[in-house]
Amino acid sequence: MIEFKDVVKEYQNDTLATDHISLKIDQGEFVYVVGPSGAGKSTFIKMMYREEVPTSGQIKVNDYELETLKHNQVPFLRRELGVVFQDFKLLPRLTVFENVAYALQVIEKTPDEVKERVEYVLELVGLADKRDSFPDELSGGEQQRVAIARAIANKPSIVIADEPTGNLDPDTAREIMEIFEKVNAQGTTVVMATHNSFIVNEYKHRVLEIANGKIVRDQEKGEYNDESSNG
């Protein structure tokens, strides 16, 4: 599903963002990626959708070998992934419906397919009544729900979320997590980088802790801070 083999990512200033990381994430898993700022979480996440390329080692996502993937194949990889960002990245001049539909139009789905799927995912994230609103008319939590709807519109096998609750209050963060739980329950793999200890401790899943570019803890149903990671 997702496999890292001895992956190193070194930047030009000799910063080692990932230091010989090896791990496997199976289809349908829900995995948190935690650790302090600057630990290498974002680089680790970005390598999965080939925003970053490893210096050495191998990364396999579904049937794609990412370290040898040609540039013109990257869009095909990303069609199998849904990516959710902390800052939403919605298109301000498009309505909620149009923002989600755009993800399907670029892969040439028919208008009927687009309409059916967009209506379904907006219902799933609780925004069917906001379909004609523009992003600046929505709260932060509502904008993040649109971003999730867009990410899952194409029925990706994997959803990658980078701090999706980072700008949200605790109640809204919980609502967003309930949506990710639903998505995961449908068989979609979810990989989520987060600083939100409350979310990690309340919604128990596998925890990968990264420090200084290394995986220092890999724990099923782990907590955000675990004593075993300090010993």
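What this report covers is the structure whose coordinates are included nearby.

Calculation notes
Residues numbered from 1 in each chain as written. Predicted model: local features only at pLDDT ≥ 70, side-chain atom pairs only at ≥ 80, totals over all residues. Heavy atoms only, no water. Helix = DSSP H or I, 4+ residues; strand = E, 2+ residues; numbered from the N terminus. Rg over C-alpha atoms; globule rule 2.2 N^0.38 Å. Buried < 20%, exposed > 50% of the residue type's maximum accessible area, 1.4 Å probe, protein only. Contact = heavy atoms within 4.5 Å. Polar contact = N/O pair within 3.5 Å; in protein donor to acceptor, adjacent residues only side chain to side chain. Pairing = 2+ DSSP bridges. Axes fitted to C-alpha atoms, helices over the stretch in contact; angles between N-to-C directions. Salt bridge = Lys/Arg side-chain N within 4 Å of Asp/Glu carboxyl O. Phe/Tyr/Trp six-rings, centres within 6.5 Å; stacked < 30°, edge-to-face > 60°. Patch = residues over 30% accessible without salt bridge, like charges linked within 9 Å, V, L, I, M, F, W, Y side chains within 5 Å. Areas by Shrake-Rupley, 256 points an atom, 1.4 Å probe, with all protein chains shown as cover.

1. Digging into the overall build of the chain
Here is step 1 of the chain: Counting its regular elements, the chain contains 7 helices and 10 strands.
Here is step 2 of the chain: Its C-alpha radius of gyration of 18 Å places the chain within 12% of the 17 Å reference for a compact globule of 231 residues.
Here is step 3 of the chain: Taking the principal axes of its C-alpha atoms as reference, the chain extends roughly 50 × 40 × 35 Å.
Here is step 4 of the chain: With 231 residues in all, the chain has 51% of them scored as buried.
Here is step 5 of the chain: Nonlocal contacts in the chain, meaning residues at least 24 apart in sequence, comprise 67% of its contacts between residues at least 6 apart.

2. Some words on the side chain of Lys9
Here is step 1 of the chain: Within the secondary structure, Lys9 sits in strand 1 (residues 2-10).
Here is step 2 of the chain: Within the local environment of Lys9, its side chain forms a polar contact with the backbone oxygen of Val53, the two atoms lying 2.9 Å apart.
Here is step 3 of the chain: Excluding residues within four positions of it along the chain, Lys9 makes contact with Thr15, Leu16, Ala17, Thr18, Thr43, Met47, Glu52, Val53, Pro54 and Thr55.

3. Quick notes on unusual backbone geometry
Among all residues save glycine, negative phi is the norm, and among peptide bonds the norm is trans.
Here is step 1 of the chain: Not every positive phi belongs to a glycine, and Arg50 is a case in point at roughly 60 degrees.
Here is step 2 of the chain: Of note, Arg50 is situated in the loop between helix 1 (41-48) and strand 4 (56-61).
Here is step 3 of the chain: For Arg50, a relative accessible area of 16% gives the class buried.
Here is step 4 of the chain: One non-glycine residue with positive phi stands out, namely Phe88, at about 70 degrees.

4. Quick word on the sheet that holds strand 3 (residues 30-34)
Here is step 1 of the chain: In spatial order, the strands read 6-7-8-3-9-10; together these 6 strands make up an open sheet with mixed pairing. Where the open sheet ends on each side, the last strands, each with one partner, are strand 6 (81-84) and strand 10 (214-219). Between one strand axis and the next, the sheet turns by 15 degrees as a mean value, whatever way the strands run.
Here is step 2 of the chain: Note: strand 6 against strand 7 (residues 158-162), 4 bridges, orientation parallel. What sits directly across from Val83, in strand 7, is Ile160.
Here is step 3 of the chain: The strands touched by helix 5 (residues 140-152) within the sheet are strand 6 and strand 7, with strand 6 carrying the most contacts at an inclination of about 165 degrees.
Here is step 4 of the chain: The sheet strands contacting helix 6 (residues 170-185) are strand 3, strand 6, strand 7 and strand 8 (189-193), and the helix crosses strand 3 at an angle near 135 degrees.

5. Let's talk about the pattern of salt bridges
Here is step 1 of the chain: Tallied over the entire structure, the rule returns 15 salt bridges.
Here is step 2 of the chain: Between Lys115 and Glu119 there is a salt bridge, with the nearest N and O atoms lying 2.9 Å from each other. Of this pair, Lys115 and Glu119 both sit in helix 4 (residues 111-124), separated by 4 residues, roughly a single helical turn.
Here is step 3 of the chain: The structure contains a network of salt bridges with shared partners spanning Lys115, Glu119, Arg131 and Asp132.

6. With respect to helix 3 (residues 96-105)
Here is step 1 of the chain: The complete set of buried residues in helix 3 reads Val96, Phe97, Asn99, Val100, Ala101 and Leu104.
Here is step 2 of the chain: Those residues of helix 3 that are buried lie in contact with helix 4 and helix 5.

7. Comments concerning the packing of aromatic side chains
Here is step 1 of the chain: For the structure on display, the rule yields 3 aromatic pairs.
Here is step 2 of the chain: Consider the rings of Tyr49 and Phe85, whose centres lie 6.4 Å apart with planes at 85 degrees: the pair is edge-to-face. Of this pair, Tyr49 sits in the loop between helix 1 and strand 4 while Phe85 sits in the loop between strand 6 and helix 3, and the two are 36 residues apart along the sequence.
Here is step 3 of the chain: The class of Phe85 is partly exposed, set by a relative accessible area of 22%.

8. Brief notes about a nonpolar patch on the surface
Here is step 1 of the chain: A surface patch of nonpolar side chains, about 260 Å² in accessible area, is lined by Leu91, Tyr102 and Val106.
Here is step 2 of the chain: Tracing the chain through its elements places Leu91 in the loop between strand 6 and helix 3.

9. Some remarks on the sheet that holds strand 5 (residues 64-65)
Here is step 1 of the chain: The strand order across the open sheet formed by 4 strands is 2-1-4-5, and the pairing between neighbours is antiparallel. The strands lining the two open edges of the sheet, one partner per strand, are strand 2 (16-25) and strand 5.
Here is step 2 of the chain: With 5 bridges joining them, strand 1 and strand 4 adopt antiparallel strand pairing. Bridge pairing links Ile2 to Val61 in strand 4.

10. Focus: the environment of Ile152
Here is step 1 of the chain: Looking at where Ile152 falls in the secondary structure, it is placed in helix 5.
Here is step 2 of the chain: Put simply, Ile152 and Glu65 are 87 residues apart on the chain and 23 Å apart in space, counted from C-alpha to C-alpha.
Here is step 3 of the chain: Setting aside residues no more than four positions away along its own chain, Ile152 makes contact with Arg117, Val121, Leu124, Val159 and Val183.

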